[in-house]
Amino acid sequence: MLRYFAIRLSRALLTIALVVTFAFIVLRLSGDPALMIMGPEAPPEVIAAFRKAWGLDHPIWMQYLDYFKAIGQGELGRSMRDGRPAIRLVIERVPATLALTIPAFLVKVLLGIPAGIYAALHRGSAIDRAVMITAVAGFTVPSFVLALILVLIFAVQLGWLPSGGQDSWRHAILPIVTLGFGGAAVLARFTRSAMLEILGQPYIRTASAKGVPWRRVITDHALPNAAIPTVTILGFMVGSLIAGAVVVESVFSWPGVGRLLVVAVANRDLAVVQCILLLVAMTMVTSNVIVDFLYGLLDPRLRSKGAEA
């Protein structure tokens, strides 16, 4: 058990280090922050002074070592725009993002899982086909397209809801629906597939042949076993709460972490971008580690395989 968890934890830490390294290199190869912030018309001596002040005149390998050393000391850098700590800028935006992502996650779970179970139990019916058509549409339509459609219908044509901003709870409805619909569609498809696979197993037929009531067969045998692959999808969704809000927050002008990331990337505000990417990576990796731990607790076979890996 301990070895299984230790292996998963070490892989998680390695993944975070790789994500941070990749982001660090790509950001520094994508453009000169000094030119983006100071402008191409700035005198060369001003640009040189800016690079020196922010350590951009050092070799990239030295910047890399300094960055990891700062992370070890709990320092995630300062914004090149206003000099404020990057972590403070990010934390200020987290509540706004959670105000969208947590209700959207509940929408995914409360709609996707029951719809997938019901479709599996009524395979081939009109409801099953309707659920699958809706799920395919929600899975394939990009979030920004769905957002624009919702704005066109409910904000422009009907005038029921505002098209953007954060002035009241009504402003959050369209972003939450946009974030929740696609995830509910994914959950419905995976839950239906998992349920159909379990319902076709011999032990389900055996339980039915022994006279076990069908309701008990579903609740005691089918649902617990179908929950294992569904947990994987839920773990991924929890981990991608912040990352998934980038497009939606931009479309609806919602002042969250996702919108801050877009602005920081456009301005080459390296510390802010790196801080957000580190937060996203840690969130996703942490959720995956929790899922692995749950797997290890639920299925001892996975612990033995993980220890051998």
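Our structure's up above, just so we're on the same page.
Residues numbered from 1 in each chain as written. Predicted model: local features only at pLDDT ≥ 70, side-chain atom pairs only at ≥ 80, totals over all residues. Heavy atoms only, no water.

Chemist: I'd love a proper account of the pattern of salt bridges, names of residues and values included.
Modeler: Under the defined criterion, the tally for this structure stands at two salt bridges. Note that Arg84 and Glu92 form a salt bridge whose closest N and O atoms lie 2.3 Å from each other. Between Arg192 and Asp128 there is a salt bridge; the shortest N-O distance is 2.8 Å. Here Arg192 is found in helix H8 (residues 173-199), whereas its partner Asp128 is found in helix H6 (residues 126-140), with 64 residues between them in sequence. By relative accessible area, Asp128 is classed as buried at 4%. (Salt bridge = Lys/Arg side-chain N within 4 Å of Asp/Glu carboxyl O. Helix = DSSP H or I, 4+ residues; strand = E, 2+ residues; numbered from the N terminus. Buried < 20%, exposed > 50% of the residue type's maximum accessible area, 1.4 Å probe, protein only.)

Chemist: Which residues make up the nonpolar core, and what values go with them?
Modeler: Within the largest apolar cluster, 33 residues are counted, with the highest numbers of intra-cluster contacts made by Phe50, Met80, Val90, Val272 and Ile276. Of all the secondary structure elements, the ones that give two or more residues to this core are helix H1 (2-29), helix H2 (33-38), helix H3 (44-53), helix H5 (86-121), helix H12 (257-266) and helix H13 (270-298). A per-element tally of this core places H13 first, with 10 residues. Discounting residues that sit within four places of it in the chain, Phe50 has contacts with Pro33, Ala34, Ile37, Met38, Leu56 and Met80. Ala194, Val217, Met237 and Leu241 belong to the second largest nonpolar core, which has 21 residues in total. (Core = buried A, V, L, I, M, F, W, Y, C linked by side-chain atoms within 4.5 Å. Contact = heavy atoms within 4.5 Å.)

Chemist: Got a sec to walk through H8? Specific residues and values, please.
Modeler: An ideal rise of 1.5 Å per residue puts 39 Å on 27 residues; H8 measures up with 37 Å between its terminal C-alpha atoms. Burial analysis of H8 places 19 of its 27 residues in the buried class, the great majority of the element. (Expected span 1.5 Å × (residues − 1).)

Chemist: Any chance you could break down H12 for me, citing the residues and the numbers?
Modeler: Among the residues of H12, those classed as buried are Val257, Gly258, Leu260, Leu261 and Ala264. End-on view of H12: buried residues confined to an arc of 155°, all on one side of the axis. Positive backbone phi, approximately 55°, marks Arg268, located one or two places after H12. (Arc of directions from axis to C-beta.)

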